[in-house]
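Chain and residue survey
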Amino acid sequence: MSAPARMEGWISTFLDAHAAELDAARNTQLAYGRDLKDFASWLAHRKSDFLSATREDVEGYLVSCDAEGLSKATRARRLSSIRQLFRFAHDEGWRADNPAIRIKGPGAVQRLPKALSQEEVTRLMEAARAFGRSGADRLRNTALMELLYATGLRVTELVGLPVSAVRGDPRMVLVRGKGGKERMVPLSNPARQALSAWLEQWDQIEDAARKAGKPPSRHLFPGNGADGHLTRQHFHLMLKDMAVAAGISPSIVSPHALRHAFATHLLAGGADLRVIQTLLGHADVATTEIYTHVLDEHLKTLVLTHHPLAKPKRQP
C-alpha cells in the first residue's frame, strides 16, 4: 500500500472510531478530517507519512502553519487533531509512540465576544419581520430570530430542530446539542408567539406538499440542504442581509453574535453564571466565564454603592 493511501486509511478509520466512541458532531468530524488531510499532504511533499513522522516533523508542520498566517486557535486545533490521531494509532498498535504527545501548542486566544446591544437586537427583530419574498418567508424568519435570541442556541441546533420539539405551545424546548447531550431551554412569550404563527404556516405548506405527493418534513425549518433543513450557511447569509436592512454593520452580526447577546444580556440582568452555562450547553463553566466582562462596570458600581468602606464618613 502506498504512503498516501495508508494515510487516507488511517484518517478514515480514526474518524469512524471517533464518531462511534464520542458521538462527535458532524462539523467537528469535518474539521478533524480537514486538519489531518492537510498534515498528510505536508508530509507527502517531504517523502514522509504518518507511520514514519517524527516529533520534528510535527513541529515543522506547525511552524509552516504559522508562516501561512494561521491563527493560534487554528494551529492549536490542528495540533490537537494530530495528537489524537497518533494516540489512536498507538492504541491500535500501528505505532510504538506518539510523536506529538510532548509538543506544546500555541494556545487558543480567548477573545471577548462582540456583544450586540439590546437596541441593536430589537432592530434586527424588526428587520426580520419585514425580511422575505413572501409572507411565509417573513413568518419563518421572525421565528428563527426570536427563537435564536430567546434560547441562545447554536446555529446548528437551531436550523436542525425537529418540528415535534415545539408542538403544543411548550414553555420549554428539548435541544440535542454537542456530543448528543440534551438540555431544556425556556421560550419567551415573543418566541412562542412567533413559533405559533410559523407553525400555522408550516402546516399549510406541508399539507400542500403532501397533496403534491412529496414526503413530509420533520424539520421546523425545512430547506434544500442534504439534511433536509435550512443550512447554517444560508441562515448566516440571511442574517447579514437582515443586518443591512436594520442599519447595522453586517461584520458584527452572525448567529454566534446573537448567542453572545443572549448570554451577555442575561448576565447584565442578574442571571446566575451556572444557569447560563446550562442554557448554553457548555460542558465547563470556564467556557461561560468569558461573558463576565459585561459585569465589570456593574460590579464596580455595586462595590462603590454598597461596600461600607466606600461610603463617605459622616461628619461629627
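Just above, that's the structure.
Scope of this entry: the structure provided in the associated data block. Everything quoted here is computed from the prediction, not taken from an experiment.

1. Describing the packing of helix α5 (residues 118-129) against helix α10 (residues 255-268)
The contact between α5 and α10 brings their axes to 11 Å, and the two run at 135 degrees. It follows that α5 is oblique to α10 by the angle criterion. Crossing angle aside, the handedness with which α5 passes α10 is left-handed. Between α5, through Q118, V121 and L124, and α10, the contact on the second element is made entirely by L258, A261 and H265. Of the residues that constitute the contact of α5 with α10, the class distribution is four nonpolar, two polar and no charged.

2. Notes on helix α11 (residues 273-280)
Of the residues making up α11, those classed as buried are L273, I276, Q277, L279 and L280. Taken around the axis of α11, the buried residues stretch over an arc of 165 degrees, which confines them to a single face. Positive backbone phi, at 80 degrees, marks G281, one or two positions downstream of α11.

3. Observations regarding the environment of L139
With respect to the secondary-structure elements, L139 resides in helix α6 (residues 135-151). Of the residues examined, L139 reaches a relative accessible area of 30% and is grouped as partly exposed. Distance from L139 to E200, taken between C-alpha atoms, is 9.7 Å for residues 61 residues apart in sequence.

4. Looking at the side chain of N98
The residue N98 is located in the loop between α4 (72-91) and α5 in this model. Classification of N98 by relative accessible area gives buried; the value is 14%. Leaving out residues up to four positions away in the same chain, N98 has contacts with R83, F86 and R87.

5. Describing the packing of α6 against helix α9 (residues 232-245)
It is at 12 Å that the axes of α6 and α9 come closest, and there the two elements cross at 95 degrees. In terms of axis orientation, α6 runs roughly perpendicular to α9. Residues R140, N141, L144, M145 and L148 of α6 touch α9, and the partners they reach there are F235, M238, L239 and M242. When the residues that make up the contact of α6 with α9 are grouped by side-chain class, the tally is seven nonpolar, one polar and one charged.

6. Things to note about the nonpolar core
Ranked by internal contacts, the top residues of the largest apolar core, which has 52 residues, are L124, M145, L220, F221 and F235. Breaking this core down by element, the ones donating at least two residues are α5, α6, α7 (155-159), β1 (172-176), α8 (189-211), α9, α10 and α11. Non-local contacts of F235, meaning those with residues more than four positions away in its chain, are made with L144, M145, L148, V155, L158, V159, L230 and P255. Membership of the second largest hydrophobic core comes to 26 residues, among which are M7, L36, L62 and L79.

Conventions and cut-offs
Numbers given for residues are sequential positions, taken from 1 along each chain in its written order. Where totals are concerned, whole chains, interfaces and linings use all residues; where local detail is concerned, this predicted model gives features only for residues with pLDDT of at least 70, and gives and counts side-chain atom pairs only at 80 or more. Side-chain metrics rest on all non-hydrogen atoms present in the structure, leaving aside hydrogens and water. Every axis corresponds to a line fitted to the C-alpha atoms, with the helix fit spanning only the stretch in contact, and the corresponding angles, defined between N-to-C directions, vary from 0 to 180 degrees. Think of it this way: any DSSP run of H or I at least four residues long counts as a helix, any run of E at least two long counts as a strand, and we number them from the N terminus. To sort the angles, those under 35 degrees are grouped as roughly parallel, those over 145 as roughly antiparallel, those from 65 to 115 as roughly perpendicular, and the leftovers as oblique. Each crossing gets its hand from how the near helix is turned against the far one by less than a right angle, where anticlockwise is left-handed and clockwise is right-handed. In what follows, a contact means two residues having at least one pair of non-hydrogen atoms within 4.5 Å. Here the term charged refers only to Asp, Glu, Lys and Arg, the term nonpolar to Ala, Val, Leu, Ile, Met, Phe, Trp, Tyr, Cys and Pro, and the term polar to all other amino acids, Gly among them. Residue exposure (1.4 Å probe, protein chains only): buried if accessible area is under 20% of the type maximum, exposed if over 50%, otherwise partly exposed. To be clear, the arc concerns the directions from the helix axis to the C-beta atoms. Only buried Ala, Val, Leu, Ile, Met, Phe, Trp, Tyr and Cys residues count toward a nonpolar core, and they belong to the same one when joined by side-chain atoms within 4.5 Å.

Functional significance is not addressed by these values, which are geometric in nature.
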